[in-house]
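# Breakdown of the fold
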Amino acid sequence: MAFQGIERRCSVYTSLGFSGGLPRNETTFASILKKEGYRTGLIGKWHQGLNCKSRSDHCHHPEMYGFDFYYGMPHTLSPPCWPDPSRDTELSINYKLWMCLQLVAIVVLTLVLGKLSGWFSVPWSLIIAMTLFIVLLSYAWFSSLTTDLYWDCLMMRGHEITEQPMKAERAGSIMVQEAVSFIEKNRLHPFLLFFSFLHVHVPLPTTDKFMGISKHGLYGDNVEEMDFMVGTILNAIDANGLKNNTLVYFASDHGGHLEARRGHTQLGGWNGIYKGGKGMSGWEGGIRVPGIIRWPQMLQAGKVIDEPTSLMDVLPTLASLVGVPLPSDRVIDGRDLMPLLQGKVQHSEHEFLFHYCGSYLHAIRWRETGSARVWKVHYMTPVFSPQGAIGCYDILFCQCTGENVTRHSPPLVFDLSRDPSESTPLSPDTEPLYNLVINSVEEALAEHRQTLTPVPPQMPDCRLDNVWLRPCCGVFPFCLCDHEKKDAGLRN
């Protein structure tokens, strides 16, 4: 587990110009399965860093972590990525400017060689002026590319940039085509495919085919398109005769983003009765998401399991399925899900789950052994703003620490089995087991802290944006390209 004692300014990478990423000594489920002969692929969002010292070293590329194949977005979607009505014009200008500068550079080089060789006489002032023209034009073009659209909204296939900036509404369709191709190519071999959707993340890029078909606005349209894409991938599995021996796990990494709005239109989804949302790692609305699992040969269809599990369970589950022991040099917090999914046990192995916001512990969940009751203890909660709101609308994302967080001593206690909305905190006067809950959770927390290991900080200041680390599809700063354009008609 990550060391809790380091002050961090943010919890995710905010730019591809940032030097940092997933530590190379981490063991991923892809690397485990690759060693067992599986073909491994990642399609979609990566967001675990890319470069270290130069824009092309790709020290944090997915291939460094066990993935044989990669197609997707090395960063994450952000509002500048879509819509972009000027993209095609800028691509054309970029190409023409680059061609112009190449011609001028050839002329300058010819003049320099000619003058030094005595072939002809040209004033140095002309050569210097033409060189300055190249420098100034390059700088002017670079200065015009001021938004994240040009430097973070891009797509890669392997180590090659295929679109910069990406055509966001087209990306999902190409991703699905790549997934179907990966399945077809590897149907005779064991394979792992991690498909990380760009849906349903703001700015919700959606194709015209799905615009306006939902009763829930753009967000609903985007969900409908994702549903179609999931069906396409499942159909590819079935068509290749892989349905019965392929485990499919569909889940989300967090709840809806309540603060994502355009005017009065909700763009980030909704979390029903559950308080909080994305970025709130204590409240149920931020962390309680459904999981859907399909494996006809091994699992009963239609079964509903109401037990707390975690995405951390993916690694130990896959390791168990391929018969590989878990790494022994670190504490693995996940648990093998198969006994629970197959009905061999009735309850999750997670008696306690520790809910962190970045490196700060916000809450602990306790599923009392031998009881149906589930307790939640909150040590910190975000301050919602403006007053009376249900999210952090004034700052877009709730913070993990600082003045916008309330520390609770004694902590807030909720009985999720009776109060899933976390609306009424308990006290010794209203809950006879209050002190037992507090003491049990504190003992578990003390044991948990013994498992924490100091690690070097990966994001000392993620606001840094180093120009020399920004990926470039071409010769910097003429980086715009679209290598997918020739196939756009087939893929849309």
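See above for the structure.
Residues numbered from 1 in each chain as written. Predicted model: local features only at pLDDT ≥ 70, side-chain atom pairs only at ≥ 80, totals over all residues. Heavy atoms only, no water.

Axis separation between helix H5 (residues 168-185) and helix H6 (residues 217-239) bottoms out at 9 Å; the angle between their running directions is 15°. Of the possible angle classes, the one that applies to H5 and H6 is roughly parallel. Two packed elements cross with a definite hand, and for H5 against H6 that hand is right-handed. Residues Gly 172, Ser 173, Val 176, Ala 179, Val 180 and Ile 183 of H5 form the contact with H6, whose participating residues are Met 229, Thr 232, Ile 233, Ala 236 and Ile 237. Looking at side-chain class alone, the contact of H5 with H6 contains 8 nonpolar, 3 polar and no charged residues. (Axes fitted to C-alpha atoms, helices over the stretch in contact; angles between N-to-C directions. Helix = DSSP H or I, 4+ residues; strand = E, 2+ residues; numbered from the N terminus. Parallel < 35°, antiparallel > 145°, perpendicular 65-115°, else oblique. Left-handed = near helix turned anticlockwise from the far one by under 90°. Contact = heavy atoms within 4.5 Å. Nonpolar A, V, L, I, M, F, W, Y, C, P; charged D, E, K, R; others polar.)

Turning our attention to the pattern of salt bridges. Scanning the entire structure with this criterion turns up 20 salt bridges. Between Arg 87 and Asp 482 there is a salt bridge whose closest N-O contact spans 3.1 Å. Here Arg 87, found in helix H2 (residues 87-117), pairs with Asp 482, found in strand S14 (residues 481-482); they are 395 residues apart in sequence, far enough to count as distant. Looking at Arg 87, the relative accessible area reads 5%, which means it is buried. Residue Glu 284 pairs with Arg 288 through a salt bridge whose shortest N-O separation is 3.0 Å. Exposure remark for Arg 288: the relative accessible area of 34% places this residue in the partly exposed category. One network of salt bridges, in which partners are shared, links Arg 87, Asp 88, Glu 163, Arg 170 and Asp 482. (Salt bridge = Lys/Arg side-chain N within 4 Å of Asp/Glu carboxyl O. Buried < 20%, exposed > 50% of the residue type's maximum accessible area, 1.4 Å probe, protein only.)

On to the state of the cysteines. Scanning the model with the defined rule gives 6 disulfides in all. Bridging Cys 357 to Cys 400, the disulfide has an S-S length of 2.1 Å. Across the S-S bond of Cys 357 and Cys 400 the torsion is about -70°, and the bridge reads as left-handed. Of the two residues, Cys 357 is situated in strand S10 (residues 352-357) and Cys 400 in the loop between strand S12 (374-382) and strand S13 (405-415); the sequence distance between them amounts to 43 residues. Disulfide pairing places Cys 472 opposite Cys 479 at an S-S distance of 2.0 Å. For the disulfide bridge between Cys 472 and Cys 479, the dihedral angle about the S-S bond is near -95°, and by the sign convention the bridge is left-handed. One exposure class covers both Cys 472 and Cys 479, and it is buried. Cys 100 takes part in no disulfide bond, and the closest cysteine sulfur, belonging to Cys 479, lies 17 Å away. (Disulfide = S-S within 2.5 Å.)

With respect to the secondary-structure elements, Glu 225 resides in helix H6. For the buried residue Glu 225, which engages in no salt bridge, the nearest side chain bearing the opposite charge is Lys 209, 7.9 Å off. In terms of polar contacts, Glu 225 uses its side chain to reach the side chain of Thr 207, at 2.6 Å. Every residue in contact with Glu 225, bar those within four places of it in the chain, is listed here: His 199, Pro 205, Thr 206, Thr 207 and Phe 210. (Lys, Arg positive; Asp, Glu negative; His and termini not counted. Polar contact = N/O pair within 3.5 Å; in protein donor to acceptor, adjacent residues only side chain to side chain.)

Now for unusual backbone geometry. Residue Pro 386 follows Ser 385 across a cis peptide bond; omega there is -5°. Tracing the backbone through its elements, the reader meets Pro 386 in the loop between S12 and S13. Of the consecutive residues Ser 409 and Pro 410, the connecting peptide bond is found in the cis state with omega at 5°. Here Pro 410 shows up in strand S13. Phi at His 58 takes a positive value of approximately 50°, unusual for a residue other than glycine. With respect to the secondary-structure elements, His 58 resides in the loop between strand S1 (39-45) and strand S2 (69-73). Here the phi dihedral of Glu 422 falls at roughly 50°; this positive angle occurs in a residue that is not glycine. Tracing the sequence through the fold places Glu 422 in the loop between S13 and helix H10 (434-449).

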